[in-house]
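Below are the chains, spelled out letter by letter.
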Amino acid sequence: MFTPAAGLTGYGPGTGSATPLHEREVSLQRFTHLRTRCNQCLLILLLVISTAGWTLAQTGATEAGATAPVIGPGIVVEAVEENFAAHRAGLQEGDLLLSWWQNGTGHEIESPLDLWKAEAFQRAGAEITFKGLRGNREQTWLLPADLWLLTARPNFLGEILSSYHEGLHLSGAGQAAEAIKIWRAIKVPESNPSVRRWLFIRVAETAAKSRLWEESDSAYQKVFDEDEHLDPLVSARALADWGAHFWRRNDLPRAEDRFQQALRESLKITQQNAIPSTALIGLGFVALNKGNPRKAERYFEAALEQYKTLVPFSSKIVAVLINLGVATIQGGDLQKAKTYYSQALEAVLKSPSRNGHWLALQGLCAVAAQEGNLESAESYCKQSLAVIKEKSQMSRGVADNLVTLAQIYRRRGDLRKAEATQSQAQAIRQQVPHDSFELALDMVNMGVILEDQGDLEGAIRLHLQALDIQRKGAPAGVDTANTLGNLCALARRQGHLTEADAYCLQGLAIQERLAPGSVTNAE
């Protein structure tokens, strides 16, 4: 019999080996879905920039005769996420930011990378003020010590602005490769190295959304090749973003390496800043994916202590507490998980933005469901749904809660209601932007319901469809291993033992690569 490591099943230490394999794997899939949703906290905290590799055309003698500037002063706001700090401060698309100030000291803004510095140095009692223009009118914006979610571009002029906008149009139309070609040809003056580095990252972001990972790595490397004496803050932040993308594709060794490098670079910065927390959170998620929730908890706790000092009433505190809830629920400490989710909920209610409200409630729902308190679990999930619908945001969050409710109904034995609720979740997922991995998990969850209804062929069909998606995006990922484990159990139920063993061996091989030494093979 091939038994997955307890730490990877969601039951935690002390799990009885008498639990049937397929029941352990079903529970694991439920945890997998929760982990995927709460990974959004990581993406928010890291302000992930997906990247693509390419080489910018640089100017040489052709610039010598140029008479008109191609880049003006400051940066132009491109987008402001609703309900986050930049939006509450009144920033709007098109605003021109010329400088940022803290404690009476001003800093000229040359490129969007200066936003990294401003946000990294924010802290309670030393908020950041931006000075700039809205149209022709001078204006200032005071940003609180919180999560800003503000994006901007250099103040491009003339033909360079037209090329940039053309690339944006192509990117929005799903033609990332064509956008890259246009942006690759943009000539950035050598006098603007910060803008050139930003453009590498910006173009790379577009490519990564199309999962052009090789180009992503090349672009990040180009950022470092540009200047061997790169500002340690920019270096640390870029390394953390790079690590986030290795993590996204389940390349855990290289993700861990980049996060460790980011942490070392951040320690070179003399002024207190939030970059170490970003790296620690990344390391925490690597530990989770390797099946080491206790190690993840230690990383998250270290990040939390830093955030308590710098941004004690921010959305970042809420997100780390939710991450701690994920780690402890995967480690099997439900009481501790409940405490973290309750603290997150309390912090949300003190925050002006209320960001993370629905996630904290969803976490409490998951804890209650694992405790067997299905009535409380249903109540928390429905509260989470109400919060999402009240804010008219994150439709995918509605789908996630419906998936959890479907599992609750399934455990109650109401398979008809479970199937209807799961189908509703999948219908929503198809209508809104979604990650294909989420769709794969929905297929797995529906497959579990079909299995309970006795439709093993239907369950296998959905699991195989999910496996096809997972193998294309993350062939060596934990979700792929989990689905293989479920297929193993399904094949055994059909009496196809050779096929079952093949699935189990494939799944265990992935788990062993993710967490060497964690897998025990027992026949």
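Residues numbered from 1 in each chain as written. Predicted model: local features only at pLDDT ≥ 70, side-chain atom pairs only at ≥ 80, totals over all residues. Heavy atoms only, no water.

Could you give me a rundown of the environment of leucine 91, with the residues and numbers involved?
Following the sequence through the fold, leucine 91 ends up in the loop between helix 3 (85-88) and strand 3 (96-102). By relative accessible area, which is 4% here, leucine 91 ends up buried. For the pair formed by leucine 91 and threonine 140, sequence separation is 49 residues and the distance between their alpha carbons is 9.4 Å. Apart from the residues within four sequence positions on either side, leucine 91 is in contact with Val77, Val80, Ala86, Leu97, Arg134, Trp141, Leu143 and Leu150. (Helix = DSSP H or I, 4+ residues; strand = E, 2+ residues; numbered from the N terminus. Buried < 20%, exposed > 50% of the residue type's maximum accessible area, 1.4 Å probe, protein only. Contact = heavy atoms within 4.5 Å.)

Explain the environment of asparagine 323 to me, and be specific about the residues and the numbers.
Within the fold, asparagine 323 resides in helix 13 (residues 315-330). Exposure remark for asparagine 323: the relative accessible area of 0% places this residue in the buried category. Through-space distance from the C-alpha of asparagine 323 to that of alanine 360 is 9.9 Å; in sequence the pair is 37 residues apart.

Help me get a handle on the pattern of salt bridges, residues and values and all.
Here the idea is simple: oppositely charged side chains can pair when their charged atoms come close. Using the criterion set out here, one finds 20 salt bridges in the structure. Among the ionic pairs, aspartate 146 bridges to arginine 88, the shortest N-O distance being 3.3 Å. Separated by 58 residues along the polypeptide, aspartate 146 in the loop between strand 6 (137-143) and strand 7 (150-156) and arginine 88 in helix 3 bring together distant segments of the chain. Aspartate 146 sits in the buried class, given a relative accessible area of 2%. For lysine 117, the salt bridge identified is with aspartate 231, shortest N-O distance 3.4 Å. Taken together, the residues lysine 117 in helix 4 (residues 113-121) and aspartate 231 in the loop between helix 8 (213-225) and helix 9 (232-248) connect sequence positions 114 residues apart. On the accessibility criterion, lysine 117 (22% relative accessible area) is partly exposed. (Salt bridge = Lys/Arg side-chain N within 4 Å of Asp/Glu carboxyl O.)

Lay out the side chain of serine 314 in plain terms, naming residues and giving numbers.
Within the secondary structure layout, serine 314 lies in the loop between helix 12 (293-310) and helix 13. Judged by its relative accessible area of 2%, serine 314 is buried. A distance of 3.1 Å separates the side chain of serine 314 from the backbone oxygen of valine 311, its partner in a polar contact. Setting aside residues up to four positions removed in sequence, serine 314 forms contacts with Ala145 and Asp146. (Polar contact = N/O pair within 3.5 Å; in protein donor to acceptor, adjacent residues only side chain to side chain.)

Got a sec to walk through the state of the cysteines? Specific residues and values, please.
Overall, the coordinates contain one disulfide when judged by the stated rule. The disulfide bridge from cysteine 488 ends at cysteine 504, spanning 2.1 Å between sulfur atoms. Its S-S torsion of about -80° marks the bond between cysteine 488 and cysteine 504 as left-handed, since a negative value means left-handed. Placement of cysteine 488 in helix 21 (residues 478-493) and of cysteine 504 in helix 22 (residues 497-514) is noted, with a sequence separation of 16 residues between them. Across the pair, exposure class does not vary: cysteine 488 and cysteine 504 are buried alike. (Disulfide = S-S within 2.5 Å.)

Could you give me a rundown of the packing of aromatic side chains, with the residues and numbers involved?
Applying the stated criterion to the full structure yields ten aromatic pairs. Aromatic side chains tyrosine 164 and tryptophan 183 sit 5.3 Å apart centroid to centroid with 25° between the ring planes, which places their arrangement in the stacked category. Residue tyrosine 164 is found in helix 5 (residues 158-172), and its partner tryptophan 183 is found in helix 6 (residues 176-184); the two are separated by 19 residues along the sequence. The exposure class of tyrosine 164 is buried, given its relative accessible area of 0%. A ring pair is formed by tryptophan 242 and phenylalanine 246, whose centres lie 5.9 Å apart and whose planes are at 20°; its orientation type is stacked. A residue pair is termed a helical-turn pair when its members lie 3 or 4 positions apart in one helix, as tryptophan 242 and phenylalanine 246 do in helix 9 at four residues. Classification of tryptophan 242 by relative accessible area gives buried; the value is 4%. The structure contains a cluster of three or more aromatic residues connected by ring pairs, namely Phe156, Tyr164, Trp183 and Trp198. Geometry around tryptophan 101 places lysine 131 over its ring, the cationic atom sitting 4.2 Å from the centre. For the cation-ring pair, lysine 417 lies above tyrosine 409, with the distance from its terminal atom to the ring centre recorded as 4.5 Å. (Phe/Tyr/Trp six-rings, centres within 6.5 Å; stacked < 30°, edge-to-face > 60°. Lys NZ or Arg CZ within 6 Å of the ring centre and 35° of its normal.)

So, unusual backbone geometry: which residues are in play, and what are the values?
One non-glycine residue, asparagine 83, lies in the positive phi region at around 80°. Structurally, the position occupied by asparagine 83 is in the loop between strand 2 (71-80) and helix 3. Phi is positive for leucine 149, close to 50°, though the residue is something other than glycine. The topology assignment puts leucine 149 in the loop between strand 6 and strand 7. Accessibility expressed as a relative area gives 18% for leucine 149, which makes it buried.

Which residues make up the pairing of strand 5 (residues 128-134), and what values go with them?
Strand residues, when the strand is regular, have side chains that alternate between the two faces of the sheet. Because side chains alternate across strand 5, one face comprises the buried residues Ile128, Phe130, Gly132 and Arg134, and the other comprises Thr129, Lys131 and Leu133, none of which is buried. Sheet analysis places strand 3 next to strand 5, joined by five bridges and oriented antiparallel. Bridged to tryptophan 101 within strand 5 is threonine 129. Where strand 5 and strand 6 come together, seven bridges link them in antiparallel fashion. Each bridged residue has a counterpart across the sheet, and for leucine 133 the counterpart in strand 6 is glutamate 138. What sits between the antiparallel neighbours strand 5 and strand 6 is a turn of two residues, in which glycine 135 has the positive phi angle 70°. (Pairing = 2+ DSSP bridges.)

Give me the lowdown on the pairing of strand 3, citing residues and values where you can.
Counted residue by residue, strand 3 has five buried out of seven residues, so it is predominantly covered. In terms of strand pairing, strand 3 meets strand 4 (residues 105-108) through four bridges, oriented antiparallel. Counted as the bridge partner of tryptophan 101 is glycine 106 from strand 4. Hairpin connection from strand 3 to strand 4: two residues lie between these consecutive antiparallel strands, with asparagine 103 at a positive phi of about 55°.

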